[in-house]
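Coordinates in review
Here are the chains, one letter per residue:
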Amino acid sequence: MTITAYSPPTQSLVKPGEVQTLALSWLASFGSPRTRQAYGEDLRWFTDFLDTHDAGSLLTASRVHVDLWARSLEAEGYSPATRARRLASVSSFYAYAASVGAVLSNPVTSVRRPKLPTYSPRLGLDLTSAKPVVEACLRMTTHHQAIIGLCLFTGLRVSEALSVKGSDIREEGGHRVLEVTSKGGRRDLVPLSPQAVRLLSGVLKLNGSGELFPNLDRFQVLRMVAAIGKEAGLDRPLTPHDLRHGAATCALEAGESLHRVQQLLRHANPLTTQRYDHSRDRLDKSAAYGLAVAIGGLS
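Residues numbered from 1 in each chain as written. Predicted model: local features only at pLDDT ≥ 70, side-chain atom pairs only at ≥ 80, totals over all residues. Heavy atoms only, no water.

With antiparallel pairing, the 3 strands of this open sheet are ordered in space as β1-β2-β3. Among the strands making up the open sheet, the edge pair consists of β1 (169-172) and β3 (187-191). Direction aside, the axes of adjacent strands within the sheet are offset by 40 degrees on average. Sheet topology note: the β1/strand β2 (residues 175-181) ladder contains 4 bridges and is antiparallel. Paired with I169 across the two strands is L178, which belongs to β2. (Pairing = 2+ DSSP bridges. Helix = DSSP H or I, 4+ residues; strand = E, 2+ residues; numbered from the N terminus. Axes fitted to C-alpha atoms, helices over the stretch in contact; angles between N-to-C directions.)

Spelled out as structure tokens, the structure:
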């Protein structure tokens, strides 16, 4: 894709040397280190696009440039969710820049965003497939067991699980709870079931009040979870998000209310939780089966 030089209707209101300071100030406005890292990487994708196509600086870019970038991401095969997130990150930067008078408007505001499905594309685990996963982890190391305890039985994201310390676990109101740093830096209390506590007991003995996974990163956990799935005999690769997704689908299958599952996963919006419910309902409860029974005629 090539783009020609374009003179936007609004020019940058800050000097070129101040752009980096502005970007760092924008990132500093987020409390979560994970959010800062993800948003920073997304902004670099856009600045790299501008540099590659000689399209000017970050603060002189227009909607034309953002539209072309969005189309280039689509052409390169990135998923709708990834494209939507990157556009949202860049839009957040420009909203911040406008709020401090660095630009006059946000060039991402009217850009069309990818339409995301109302259901999760992956089915995740159900009660039938979750049981062999638990049995498989018991034949593996204490770290494999702890990942299942935190991500499947407690619904943590892998990034949240990796930051857990033994000192984050305590008694509260007669319950064993885990204090976890959620998205946006919010601290939440998550109940630990007896099964989760059992699966965590090994790493707690090893690390005490310190980090439960001091020498692991998310890529190592990805391989560990895949190994659990292989040991369990699943017919497809198992990912860390499948475990969190499975926490939702298994709880819903067990009869827990959508509201309770939303609380477990700490979703701000119940529609996010519903995506996990609909992903299985759209298949298990599809009208296609009732239609076939009604029409009949085939043995």
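Picking up where we left off.
Turning next to the pairing of β3. Residues D188 and V190 line the buried face of β3, whereas the alternating positions R187, L189 and P191 sit on a face that is not buried. Two strands pair when backbone bridges link them, and β2 and β3 are joined in this way by 5 bridges, in the antiparallel orientation. Note that in β3 the partner of E179 across the bridge is L189. (Buried < 20%, exposed > 50% of the residue type's maximum accessible area, 1.4 Å probe, protein only.)

Core analysis: the largest hydrophobic core is formed by 37 residues, its most contacted members being V133, I147, I148, L150, L200 and L243. Elements with a contribution of two residues or more to this core: α5 (127-138), α6 (142-151), α7 (158-162), β2, α8 (194-207), α9 (218-232) and α10 (240-253). The residues touching L150, leaving out its near neighbours within four places in the chain, are G155, L156, A161, V164, L178, L200 and F213. Counting residues in each nonpolar core, the second largest holds 26 residues, with V19, L58, L59 and V90 among its members. (Core = buried A, V, L, I, M, F, W, Y, C linked by side-chain atoms within 4.5 Å. Contact = heavy atoms within 4.5 Å.)

Turning to the pattern of salt bridges, a few remarks are in order. Under the criterion given, the structure shown has 10 salt bridges. Across the pair R71 and E74 runs a salt bridge, and its minimum N-O distance is 3.1 Å. Residue R71 and its partner E74 are both found in helix α3 (residues 63-75); the two are separated by 3 residues, about one turn of the helix. Two residues, E171 and R176, come together in a salt bridge whose shortest N-O distance is 3.7 Å. Overall, E171 belongs to the exposed group, its relative accessible area being 54%. Exposure remark for R176: the relative accessible area of 33% places this residue in the partly exposed category. (Salt bridge = Lys/Arg side-chain N within 4 Å of Asp/Glu carboxyl O.)

Moving on: the environment of G155. Structurally, the position occupied by G155 is in the loop between α6 and α7. With 111 residues separating them along the chain, G155 and R266 place their C-alpha atoms 8.9 Å apart. Among all residues touching G155, those that are not within four sequence positions of it are L150, R244, A247, L265 and R266.

What the rule picks out here adds up to 8 aromatic pairs. Ring centres 4.9 Å apart and planes at 75 degrees place the aromatic pair F30 and Y39 in the edge-to-face group. Both rings, one in F46 and one in Y94, keep their centres 6.5 Å apart while their planes meet at 80 degrees; by these two values the pair is edge-to-face. Of this pair, F46 sits in helix α2 (residues 33-52) while Y94 is found in helix α4 (residues 80-99), placing the two residues 48 residues apart along the sequence. For the pair shown, F46 and Y94 are each scored as buried. Among the aromatic side chains, those forming a connected cluster through ring pairs are W26, F30, Y39, F46, W69, F93 and Y94. In this structure, R86 packs its charged tip against the face of W45, placed 3.9 Å from the ring centre. Above the plane of the ring of Y78 lies R86, whose end atom (NZ or CZ) is 4.6 Å from the centre. (Phe/Tyr/Trp six-rings, centres within 6.5 Å; stacked < 30°, edge-to-face > 60°. Lys NZ or Arg CZ within 6 Å of the ring centre and 35° of its normal.)

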